Amino acid sequence: MTHLGLVALVVRDYDEAIAFYRDVLGFELREDTRIDDEKRWVVVAPPGARETGLLLARAATEAQAGRVGDQTGGRVGWILNTEDFERDHARMRAAGVVFEEAPRREPYGTVAVFRDLYGNRWDLIQHER
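For the structure given in this document, a descriptive report is provided here. (Residues numbered from 1 in each chain as written. Predicted model: local features only at pLDDT ≥ 70, side-chain atom pairs only at ≥ 80, totals over all residues. Heavy atoms only, no water.)

When helices and strands are counted, the protein chain shows three helices and nine strands. Helices and strands in the protein chain line up, N terminus first, as β-α-β-β-β-α-β-α-β-β-β-β. Relative to the globule expectation of 14 Å for 129 residues, the C-alpha radius of gyration of the protein chain, 15 Å, shows essentially globular dimensions. Overall, the protein chain is about 45 × 35 × 30 Å in size when its C-alpha atoms are taken along their principal axes. Counting across all 129 residues of the protein chain, residues that qualify as buried make up 36%. (Helix = DSSP H or I, 4+ residues; strand = E, 2+ residues; numbered from the N terminus. Rg over C-alpha atoms; globule rule 2.2 N^0.38 Å. Buried < 20%, exposed > 50% of the residue type's maximum accessible area, 1.4 Å probe, protein only.)

Applying the stated criterion to the full structure yields 13 salt bridges. R12 is the salt-bridge partner of E16, the closest N and O atoms lying 3.0 Å from each other. For R12, a relative accessible area of 52% translates into the label exposed. When the shortest N-O distance is used, the salt bridge between R121 and E100 registers 2.7 Å. (Salt bridge = Lys/Arg side-chain N within 4 Å of Asp/Glu carboxyl O.)

The four strands are arranged 1-4-3-2 in an open sheet whose pairing can be described as mixed. Strands with a single pairing partner mark the edges of an open sheet, and in this sheet they are strand 1 (6-11) and strand 2 (28-34). This sheet shows a mean twist of 25 degrees between the axes of neighbouring strands, independent of strand direction. Here strand 3 (residues 40-45) runs beside strand 4 (residues 53-58); their pairing, made up of three bridges, is antiparallel. From the neighbouring strand, V44 faces strand 4, where its bridge partner is L54. Lying on the sheet, helix 1 (residues 14-24) is in contact with strand 1, strand 2, strand 3 and strand 4; it crosses strand 4 at an angle near 155 degrees. (Pairing = 2+ DSSP bridges. Axes fitted to C-alpha atoms, helices over the stretch in contact; angles between N-to-C directions. Contact = heavy atoms within 4.5 Å.)

Burial runs high along strand 9 (residues 121-127): five of the seven residues are buried. Looking at chain direction, strand 5 (residues 76-81) and strand 9 are connected through five bridges and run parallel. Bridged to V76 within strand 9 is R121. Remark: five residues form the turn of the hairpin made by strand 8 (residues 109-115) and strand 9, two consecutive strands paired antiparallel; G119 in that turn has positive phi of roughly 105 degrees.

All right, on to the pairing of strand 2 then. One ladder, built from six bridges, connects strand 2 with strand 3; its direction is antiparallel. Directly across from L29, in strand 3, lies its bridge partner V44. Connecting strand 2 to the next strand, strand 3, in antiparallel fashion are five residues.

Looking at the element boundaries, V111 is found in strand 8. Beyond its immediate stretch of four places on either side in the chain, V111 contacts F85, E101, A102, P103, R104, E106, D123, L124 and I125.

See below:
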């Protein structure tokens, strides 16, 4: 059996990215291993995520730095599932997360688009049961 393990997210700085994903979004810091003087292996994931996480990859070239915050060409690139939309939406707003819109109902559930610290677009979704 195979599964999606990590998704790389190009970031400007390891520590500022860790602080946002851990302290603002509530992710767990799963690993932070120094590889050399410049590079670290940094993995964060939502609590309870068993198989998938984000590999925070610091931009190492000008081309990579130019993609920070726009890895998906302005589209929503990541979806954060929740079992309690109201709770998590309120907690995230209180922590300073910028939502682009008010929550809306779609056939698949309740959703609102937010931006991470770099401007990448995410969906917060509570799926219909």
